[in-house]
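Structural characterization, general
Below, each chain spelled out in residue letters.
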Amino acid sequence: MDLLSVAAPFAPELILLAAALLVFLLDVLGVRRLEALGAIGPTATGLAFVLVLADLGFSPLAGLRTLGAGSIDQVPGVGSAPLYAFSSLGLVFQALFLVAAFLVSLASLSRPSRERGAAIFFGLLLLATLGMLLVAIASDLIFLLLAIELTSISTYILVGYTRRDTRSLEAAMKFYIIGALSSTLSFFGASLLFGAYGSTNLFAIRAVAGSVGYPVLALLGYGFLLAGLAFKTTLVPFHAWAVDVYDGAPSDVSAFLAGGSKKIGVFALFLVFIGPVLFVRVGGGSNPFAGAPFDIGPVMQVTLAAVAILTMTVGNILALLQREMKRMLAYSSISQAGYMLIGITIGTSPALAGATLQVLAHVLMKGGAFLVVAAVAGLGVGPLIDDWRGLGARRPALSVAFALMLLSLAGVPLTIGFVSKFVLFSAAVQAEGFFVWLAIAGLLNSALSVFYYARVLKTVFFDPAPPLPSAPTTADAATPALRAGGIGYARAAAIGIIAVAIVGLGIYPQPVLGAIQSAAAHFVNVGA
Amino acid sequence: MLPLLSLILATLLLGTVATFLAGAKARWAALGTSVAFLAEVGFLFLSYPGWPGYNGALVPGFSDQESYAWIHLSWMQVNYTVGVDGISLVLILLTAILQLATVVYSWTEAKRPAAYFGLVTLTCLGSFGVFVALDVLLFFLFWEAVLVPMFFLIGFWGGPRRRYAALKFFVYTHVASIVMLVGLLALVFYSGSTSFDFASIYAAARGLSPVVQVFLFLPLLFGFAVKFPVVPFHTWLPDAHVEAPTGGSVLLAGILLKLGGYGLIRWAVEVLPIGFSHVRPIIFFLAFLSILWGSVLALSQRDLKRMVAYSSINHMGIVLLAIGLGSSLGLLAAVLLMFAHGIVSALLFMSAGSVHHTFGTRDIPAVGGITPTTPTLSTMMMAGSLASLGLPALISFPAEFIALLATWDGLGYLVLLPLAVLVVTAAFYLWMMQRMLFGPARGIPADAHDIPSHEGLAMGLLVAMAVLFGILPGLLVNVIANSPVKGFPGT
Amino acid sequence: MRAPMLVLSAFAVAGGALVFLPCFQRLLLFGNGVAGIPPAFGTTDILLSGASVALGVGGILLAWTMWGRGQVYPLPTSSAARSVRNLLLHRYYFKVGYDWIGARGVYTVARAADFFDQYVIDGTVHGFERAFGALSNRMRRLQTGLVSDYASYVVAGLVALFVLLLLVAPYLVGRFGGP
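Residues numbered from 1 in each chain as written. Chains lettered and ligands numbered in written order. Predicted model: local features only at pLDDT ≥ 70, side-chain atom pairs only at ≥ 80, totals over all residues.

**Here we look at the overall build of chain B**
When helices and strands are counted, chain B shows 19 helices and two strands. Taken against the 2.2 N^0.38 rule, which gives 23 Å for 491 residues, the C-alpha radius of gyration of chain B at 21 Å falls within 12% of a compact globule. Based on the C-alpha atoms only, the size of chain B along its principal axes is roughly 70 × 55 × 50 Å. For chain B, contacts bridging at least 24 residues in sequence account for 79% of all contacts bridging at least 6. (Helix = DSSP H or I, 4+ residues; strand = E, 2+ residues; numbered from the N terminus. Rg over C-alpha atoms; globule rule 2.2 N^0.38 Å. Contact = placed C-beta atoms within 7 Å.)

**Details of the overall build of chain A**
Within chain A, the regular secondary structure consists of 21 helices and zero strands. Expected size for 528 residues packed as a compact globule is a radius of gyration near 24 Å; at 22 Å, chain A falls within 12% of this value. Along the three orthogonal principal directions, the C-alpha set of chain A runs to about 75 × 55 × 45 Å. The burial tally for chain A puts 64% of its 528 residues in the buried class. In chain A, of all internal contacts separated by at least 6 residues, the share reaching a separation of at least 24 is 78%. (Buried ≥ 20, exposed ≤ 12 C-beta atoms within 10 Å, placed from the backbone.)

**A look at the nonpolar core**
The tendency in soluble globular proteins is for nonpolar side chains to be buried side by side. Core analysis: the biggest nonpolar cluster contains 426 residues, and A428(A), L347(B) and A466(B) have the highest contact counts within it. Ranked by residue count, the leading element in this core is helix α14 (residues 328-359) of chain B, at 21 residues. The contacts of L347(B), once residues within four sequence positions are left out, are M380(B), A383(B), G384(B), M459(B), L462(B), V463(B) and A466(B). (Core = buried A, V, L, I, M, F, W, Y, C linked by C-beta atoms within 7 Å.)

**A short note on the pairing of strand β2 (residues 76-84) of chain B**
Every other side chain in a regular strand lies on the same face of the sheet, so the side chains alternate between the two faces. All names here are of chain B. Counting buried residues in β2 gives seven out of nine residues, a clear majority hidden from the surface. In terms of strand pairing, strand β1 (residues 63-73) meets β2 through eight bridges, oriented antiparallel. By the bridge assignment for β2, E66 is matched with V82. Between the antiparallel neighbours β1 and β2 lie two residues. (Pairing = 2+ DSSP bridges.)

**A word on the packing of helix α7 (residues 166-197) of chain A against helix α9 (residues 215-233) of chain A**
Residue and element names in this part refer to chain A. Contact geometry for α7 and α9: axes closest at 7 Å, N-to-C directions at 155 degrees. Relative to α9, α7 is oriented roughly antiparallel. Remark: the crossing between α7 and α9 carries left-handed chirality. For the contact of α7 with α9, a count of residues per class yields 17 nonpolar, nine polar and no charged. (Axes fitted to C-alpha atoms, helices over the stretch in contact; angles between N-to-C directions. Parallel < 35°, antiparallel > 145°, perpendicular 65-115°, else oblique. Left-handed = near helix turned anticlockwise from the far one by under 90°. Nonpolar A, V, L, I, M, F, W, Y, C, P; charged D, E, K, R; others polar.)

**Things to note about the interface of chain B and chain A**
Taken together, the contacts link 18 residues of chain B with 20 residues of chain A. When contributions to the side of chain B that touches chain A are tallied by element, the ones reaching two or more residues are β1, α5 (136-145) and α7 (162-190) of chain B. In terms of residue count, the dominant contributor to the side of chain B that touches chain A is α7(B) (nine residues). Residue classes in the side of chain B that touches chain A are distributed as 15 nonpolar, two polar and one charged.

**A word on the interface of chain C and chain A**
Taken together, the contact pairs 28 residues of chain C with 34 residues of chain A. For the side of chain C that touches chain A, the secondary structure elements donating two or more residues are α5 (94-140) and α6 (147-176) of chain C. If one sorts the elements of the side of chain C that touches chain A by residue count, α6(C) sits on top with 18 residues. Taken together, the residues of the side of chain C that touches chain A sort by class into 20 nonpolar, seven polar and one charged.

**A look at the packing of helix α12 (residues 296-320) of chain A against α6(C)**
At their nearest, the axes of α12(A) and α6(C) sit 8 Å apart, and the two run at 120 degrees to each other. Judged on the interaxial angle alone, α6(C) and α12(A) are oblique. As α12(A) runs across α6(C), the sense of the crossing is right-handed. Judged by residue contacts, P298(A), V299(A), V302(A), T303(A) and A306(A) of α12(A) engage L161(C), L164(C), L165(C), A169(C), P170(C), L172(C) and V173(C) from α6(C). For the contact of α12(A) with α6(C), a count of residues per class yields eleven nonpolar, one polar and no charged.

**With respect to α5(C)**
All names here are of chain C. In this model α5 runs 65 Å from its N-terminal to its C-terminal C-alpha over 47 residues, within 8% of the 69 Å that 1.5 Å per residue would give. The largest bend in α5 comes to about 45 degrees, at G123. By the criterion of burial, α5 is predominantly exposed, with just zero of the 47 residues buried. (Expected span 1.5 Å × (residues − 1). Bend = angle between axes of the 7 residues up to and from the residue.)

**Considerations on helix α6 (residues 141-159) of chain A**
Residues and elements named next belong to chain A. An ideal rise of 1.5 Å per residue puts 27 Å on 19 residues; α6 measures up with 27 Å between its terminal C-alpha atoms. Listing the buried residues of α6 in full gives L141, L144, L145, A147, I148, T151, S152, S154, T155, Y156, L158 and V159. Here the buried face of α6 lies against α5 (118-136), α7, α8 (202-208), α9, α10 (240-248) and α11 (251-278).

**A word on unusual backbone geometry**
That bond from V236(A) to P237(A) is cis: its omega, 0 degrees, falls within 30 degrees of zero. In this structure, the amide linkage connecting V231(B) to the following residue, P232(B), adopts the cis form with an omega of 10 degrees. Residue position: P232(B) is located in the loop between α9 (210-227) and α10 (236-243). Positive phi values are uncommon outside glycine, yet R163(A) reaches one of about 60 degrees. Among the secondary structure elements, R163(A) is positioned in the loop between α6 and α7. Backbone geometry at R91(C) places phi at a positive 50 degrees, although glycine is not the residue there.

**A few points about the confidence of the model for chain B**
All names here are of chain B. On average, chain B scores 88 in pLDDT, and the residues at 70 or more come to 95%. With pLDDT under 50 throughout, residues 55-59 is counted as low confidence; its partners more than four residues away or in other chains account for six contacts. Ignoring residues within four places in sequence, the model shows residues 486-491, a span with pLDDT below 50, making 17 contacts including any to other chains. (pLDDT = per-residue confidence, 0-100.)

**Details of the environment of A393(B)**
Looking at the secondary structure, you find A393(B) in the loop between α15 (375-388) and α16 (396-411). The spatial distance from the C-alpha of A393(B) to the C-alpha of T425(B) is 18 Å, given a sequence separation of 32 residues.

**Quick look at the confidence of the model for chain A**
On average, residues of chain A score 85 in pLDDT, and 92% of them are at 70 or above. This model gives residues 472-483 of chain A a pLDDT under 50, and the stretch forms twelve contacts once residues within four places in sequence are excluded.

Now the structure itself:
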């Protein structure tokens, strides 16, 4: 086998690795201009995105396909335990990660040219994305957790990359400490699972799961693993770091965290729980302490349901009274994770499709929202929601884009947020039984969330502008530093793309929806 | 076959956008849109089987149906499906008339006119969409689409307590919409239909057991009942009406309340007839409660607008009673009543608004004997009040008469309750007329003059409608009675 | 004043007599009579009509004898007829009755209904609002900013997770069957 045919399926990953190394190399060689280093980011992620789309079977790009159709969604043969496996759902998530990375790196081009730490920012962004891509193709627990580590460590540093802002340094420290604690828990859980099942390969676990000898051991393992992954996915009560980190990090990094890094937790939960856990039914008793046989699935579903409802509710309740924009967005992000978890809890292919659609919507909505926050901070607006008063009059286009994102978060029709919630809750009702209560809880939470989004909209559009600027004006006012209204063309382009996508997909979601649904159906059948 | 319904939707949509963008000329854009809408609705009527002069055969099911695929997955198909039948046609006519009347009445709105007229047009767009939607998602979309413009209309152009009233309106109706959505989703999936189309759900729901039908009916009933509004879910209405600007109140009372009635008929009673028949005692109880509650509270109000608001609860209670009877006569009465109430309450709210502009207050004891000062207003107000209490030759009479007849048919001597309440209704309107319009002059400012011509024109249009359909109710009755309403129990 | 009254009374009598004309009867009557005899001529009707006419005429005659020739009867203050006079003067207390039912009765019911509306129905909703606000405030304090607190939340969450996984969920699944 020549190198090319072995490496070709990994083309997107290799592109990102090469790009990251290139950025660091250029930095060592003394190239410090942000435009030069930054151009690599969108190019690499864009290229990788195109390749992933081709692999998904997007017909106009058929010539670029590097993965044969026969190598996707396969169950490996008995006895083979590959570390990776390509699945359509995994490829969908890869596409989503790349979209998030592309948008953030594009928007980051609109920063001061001489900014220090640009190389660290772009390089680590690319490495983190690489880690995300690896998560999406993992089929072994250790591989999965290592890929998560790659992303996590990159993001820990990313949060503090400016090296001079105390708030972001503090956030980075908190992120790192809690993250380290959580990965300890994950690895410990994985080791317990190895003890229970005799393998860390997810396919192998699924094959053996029906006859697990020590259900308590397995449950403990899943518990630790869930706790570790819940950190990444910001589920309650493992969410406390997210508020301070999203708040303290530079807004572009928050966009990347909310839009990208949270989703690897979601996909990891897909991998670990859908195949091996939820679908294995051996008709066992209901007491894990009584030994085999025991169905872990129903127990896990009840637990996940409880966590999902708790997450949604806590996130929404705490967002209600927030007065700082970034903290409000952080809590709202936490509650969105609850919705995604509902899809995992139900586990049917419509539910997974709904959860994936929710992930897509969230990448656009939340990533976009934090990009807008970064843009507005560049205009000299302070951190409080009240500081945004009168923005609707001053920057109508930006405010309308932001309004679209918030309306999508609230689930207003004709936005992708509405479509994703509609599909998710329909799937919940379709599953009948106690899942209908999940739908009801989700819908009521959606109703609750309308309040704080509406409050922001009211502040931006209906409140009169404050008489004095809320923070010292930037150089914008004195010299025309950046064009496109002081936001920068690249950032404006990124925000514009997101706004158009939110409405466009809201009106006509069929193509994306169809692709996601078939990917989810394959995933449920294959399992990992 | 012209896609007339989509054409109307497109007209309204373009009109809304044009109105929002038109700045100072917005009122003309809104006027143009309303006239175009009314003309298109007229065209719809003329080509509708059942209208006098139509010679073709009756089309089974809905007419002017259009269906385009929207979201298609293996487990759920959502289409853009629209169609009309007699019930929706009458309510669409009401929407068109009220849109025109509101635009004309609010002609001189000075505060952000583009936004105001745009929101008015948007509200009518949403309502039209609700009446023609034949797919669950489309229905829910338009149903929600009506909430947002009304929220802004109340919250921005309203009275002193507008923020509270707007928020209350939004919260109550939004929560109800969510419960209704859960009910609709459950209806789709529990009946085994994967398509969200009305026809598909209707067919699939036939096979549901009575218990399931009842369980599916209840959340739908709750969702529609809050919109009606039905006691005890009515507390948002008085505040919303009182604080809303006149145009907002007209749309709220005239059209939005009818969405609840229409929804109940179309999506609950037609689809789940067995569940409906089991839940009828609850419906009757709620209806009688609303009738009593509304009229008793209306009698004790000092604020003119609040009085009309409570009388709306009263009238919609009679509508609920008529629907609850489950007979074709009851259905006819319900639709006629909804149309009548739309016209009449619009007229009354416009009068209340004019009283407020001219005399600075809506307090009934504070103002009296206004007829010599404002003869036009006084005439319109009298017409509205007489219409509301059911004077023959005005539109409410045939509607209420048929409702009472249907109640007698269905419930026998229990008809005495609504009959007695009719007396109370007459009482508070006559009392109001006697105090405000006639009697000794009181509280009239020195510079008071008669209402501006555009207000008179708008109210005159409504009075003309009230008289027209009061004398010739057959025009509407034919449309409703000849419409091939699917499977309404008793038809 | 006399001439119009005379004319009107002539019309009244003539109108009442109309009912005896067969052609007019056909206009009035649409029920089933006994073999050709219209119901208006039944015994009960004649008796009742006759009785009311007799009462009316009798009252007129009585009044004429008492006051017809310009006499005025002052009523002694302690007379038994006083209460009857008051009853008649106050129009059988109908107006007072209406005021009681309308102004007092209906108004009281309306006050009760309004109280129910404001404090029970709206009160429930406002109660929810206050509860949520209070809950939100209490929970906001948990976000202390100290990493050690966050780490302890993680541990607490882990313990709760195990309790759920190993104890609560199996019990629920055993009791109610799986989802």
